[in-house]
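Listed below are the residues making up each chain.
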Amino acid sequence: MEKRKIAFVGYYPGFQPTLSRAYNILVKHYDVELSDDPDYIFFSSFGTPYAYADSDAVRIFYSAENYAPNFNTADYAVGFNEILYPDRYFRYPVSLYTPTITVANRKHLALDREALRARPYFCNYIYGNANGQKARTEIFEKLSAYRRVESAGTYLNNQPGGWHASTIEEKLAFQRKCKFTIAFDSTQLAGFSTEKITHAFAAQTIPIYLGDPHISSLFNERAFLNGNACATVDELVEKVIALDQDQDAWFAMLSQPIFAEPDFLPRFEERYEQFILHIFAQEKEHAYRRSRVFFGRYDDNNLKIVNTVAQSKLLGGLVSLEEKRLRKKQNKK
């Protein structure tokens, strides 16, 4: 098998490259080496900004956050934005990227009506802070005036002893005790949907959603309560109450598949694999898409890179890229 030297930089603490989807696609086709001197770099929006800037590697950007790619510094990107950019971009919202998507996709296949009827809680609200759209707090307060909403995050916690779900496994286990889940995203931005709605699906609970205004183009609109279709939070609350008081209607919604097309997920994942393999199937010199003539001529986030000099307070002042390359060669000797 041909060798491909890759690196992952700028990812969140605890990120494990070998568990990433891109890595597991590549190892099926190449001898993959995680290298400090890579030919290809996957980079994200965490960690040290522009940690990839002194490398001549082909660059693939990915972010699960509300952070748009910069195609002046990236050759390719994977993100949530609803854009078309020939072979340089693949739209992969976090709501599909989360590992729970496989469980969510099967959630309607084996429902035990009596067990579901016996769930002890009405609704859950699991958030760690007050950031994001104010409607999240508003619906919590308004639904709480109707029935108790279980707040099992660190924000607005109302659990005995202050217990809160601290892992995904704990979160899903708690959600499985509830009929509904408040699954509002942090913002209402076209294309931006996160794991919140997917976790609710995976726990076999009805998501109460407000966020991506185009969410119904991704998920089956009969499988969740879409706040984007409501004029006010009060209107959404009324829909929740009506569904809570009609067990047949609630079970009918829970029985819906999350995608309108049964084979959507495998076809989508196949397209993503083709996108990744296309990058690596080319000769490296043919894989570049960014301008290397004007390499680094930008001023972004208080960091300037002009020609071969990087200037950044975060990176500790002026750093000669050529000097860094020489140091690498000397260290190898």
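Placed above this text is the structure.
Because the structure is predicted, anything quoted here is derived from the model rather than measured.

Calculation criteria
Residues numbered from 1 in each chain as written. Predicted model: local features only at pLDDT ≥ 70, side-chain atom pairs only at ≥ 80, totals over all residues. Heavy atoms only, no water. Helix = DSSP H or I, 4+ residues; strand = E, 2+ residues; numbered from the N terminus. Contact = heavy atoms within 4.5 Å. Areas by Shrake-Rupley, 256 points an atom, 1.4 Å probe, with all protein chains shown as cover. Pairing = 2+ DSSP bridges. Right-handed = clockwise from strand over helix to strand, strands pointing away. Axes fitted to C-alpha atoms, helices over the stretch in contact; angles between N-to-C directions. Buried < 20%, exposed > 50% of the residue type's maximum accessible area, 1.4 Å probe, protein only. Arc of directions from axis to C-beta. Phe/Tyr/Trp six-rings, centres within 6.5 Å; stacked < 30°, edge-to-face > 60°. Salt bridge = Lys/Arg side-chain N within 4 Å of Asp/Glu carboxyl O. Core = buried A, V, L, I, M, F, W, Y, C linked by side-chain atoms within 4.5 Å. Parallel < 35°, antiparallel > 145°, perpendicular 65-115°, else oblique. Left-handed = near helix turned anticlockwise from the far one by under 90°. Nonpolar A, V, L, I, M, F, W, Y, C, P; charged D, E, K, R; others polar.

Enquirer: What's the story with the overall build of the protein in this structure? I'm lost.
Expert: Of the regular secondary structure elements, the protein holds 12 helices and 15 strands. Contacts spanning at least 24 positions in sequence make up 64% of the contacts within the protein whose residues lie at least 6 apart. Carbon together with sulfur atoms contributes 51% to the accessible area of the protein, which is approximately 16800 Å² in total.

Enquirer: When you look at the pairing of strand 1 (residues 3-9) in this model, what are you seeing that I'm missing?
Expert: Looking at chain direction, strand 1 and strand 2 (residues 31-34) are connected through four bridges and run parallel. Bridge pairing links Lys3 to Asp31 in strand 2. At this point the chain moves from strand 1, through helix 1 (residues 21-26), to the parallel strand 2, and the crossover so formed is right-handed.

Enquirer: Looking at this structure, how should I read the sheet that holds strand 2?
Expert: Backbone-to-backbone hydrogen bonds pair the strands of a sheet. The strands run either parallel or antiparallel. Taken in spatial order, the six strands make up an open sheet running 2-1-3-4-5-6, and their pairing is parallel. Across the chains shown, the open sheet's two edge strands, defined by having one partner strand only, are strand 2 and strand 6 (89-91). Neighbour to neighbour, the strand axes of the sheet diverge by 20 degrees on average, direction disregarded.

Enquirer: I'm lost on helix 9 (residues 247-254) in this one. Help?
Expert: Side chains of residues three or four places apart in an α-helix project in the same direction, reflecting 3.6 residues per turn. Every buried residue of helix 9 is listed here: Trp250, Phe251, Met253 and Leu254. Projected down its long axis, helix 9 shows its buried positions confined to an angular sector of 160 degrees, all on one face. Close packing links the buried residues of helix 9 with helix 4 (113-117), strand 9 (178-182), strand 10 (206-209), strand 11 (225-226) and helix 8 (233-244).

Enquirer: What's the story with the packing of aromatic side chains in this structure? I'm lost.
Expert: Two measures describe an aromatic ring pair: the distance that separates the ring centres and the angle between the ring planes. Under the definition given, this model contains 35 aromatic pairs. Summarising the aromatic geometry, the rings of Phe61 and Tyr67 are spaced 5.9 Å apart at their centres and angled 35 degrees between planes, so their arrangement reads as tilted. For Phe61, a relative accessible area of 4% puts it in the buried group. Aromatic side chains Phe80 and Phe192 sit 5.0 Å apart centroid to centroid with 70 degrees between the ring planes, which places their arrangement in the edge-to-face category. Taken together, the residues span a long stretch of sequence, with Phe80 in the loop between strand 5 (76-79) and strand 6 and Phe192 in the loop between strand 9 and helix 7 (195-202) at a distance of 112 residues.

Enquirer: Got a minute to help me understand the pattern of salt bridges in this structure?
Expert: Opposite charge on two side chains makes pairing possible when the charged atoms of those side chains draw close. Tallying each qualifying case throughout the model produces 19 salt bridges. Between Glu150 and Arg148 there is a salt bridge, with the nearest N and O atoms lying 2.7 Å from each other. Using a relative accessible area of 6% as the deciding quantity, one classes Glu150 as buried. Judged by relative accessible area, which is 46%, Arg148 ranks as partly exposed. Here Arg267 and Asp263 are joined by a salt bridge, their closest N and O atoms 3.2 Å apart. Using a relative accessible area of 38% as the deciding quantity, one classes Arg267 as partly exposed.

Enquirer: What's the story with the side chain of Asn81 in this structure? I'm lost.
Expert: Relative to the helices and strands, Asn81 resides in the loop between strand 5 and strand 6. On the basis of relative accessibility, which here comes to 17%, the residue Asn81 falls in the buried class. Once residues within four sequence positions are removed from consideration, Asn81 is found in contact with Ala68, Pro69, Tyr89 and Arg91.

Enquirer: Just to check I follow, could you spell out the environment of Ala68 for this structure?
Expert: Tracing the backbone through its elements, the reader meets Ala68 in the loop between strand 4 (58-62) and strand 5. Overall, Ala68 belongs to the partly exposed group, its relative accessible area being 44%. Residues Ala68 and Val78 lie 10 residues apart in sequence; the distance between their C-alpha atoms is 9.5 Å.

Enquirer: Teacher, can you tell me more about the nonpolar core here?
Expert: What tends to happen in soluble globular proteins is that the nonpolar side chains get buried as a cluster. In terms of nonpolar packing, the biggest core is built from 47 residues, with Phe42, Phe219 and Phe280 touching the most fellow members. When neighbours within four sequence positions are excluded, Phe42 is seen to be in contact with Ile6, Ala7, Phe8, Val9, Tyr11, Ala22, Leu26, Ile60, Ile276 and Phe280. Ile139, Phe140, Ile182 and Val233 belong to the second largest nonpolar core, which has 29 residues in total.

Enquirer: So what exactly am I meant to see when it comes to the sheet that holds strand 10 here?
Expert: Across the sheet, five strands lie side by side as 8-7-9-10-11; this open sheet has parallel pairing. With one partner strand each, in any of the chains shown, strand 8 (149-151) and strand 11 form the two edges of the open sheet. Bridge count for strand 9 against strand 10 is three bridges, and the pairing is parallel. Bridge pairing in strand 10 links Phe180 to Ile206.

Enquirer: What should I look at first to understand the packing of helix 6 (residues 168-175) against helix 7 in this one?
Expert: The relative placement of two packed helices is expressed as an angle between their axes plus a distance between the axes. Between helix 6 and helix 7, the least distance of the axes is 9 Å, while the angle of their chain directions is 55 degrees. Classified by the angle their axes make, helix 6 and helix 7 are oblique. The two elements helix 6 and helix 7 meet at a crossing, and its hand is right-handed. Facing helix 6, whose interface residues are Ile168, Lys171, Leu172 and Gln175, helix 7 presents His199, Ala200 and Ala202. Class assignment of the residues belonging to the contact of helix 6 with helix 7 gives a composition of four nonpolar, two polar and one charged.

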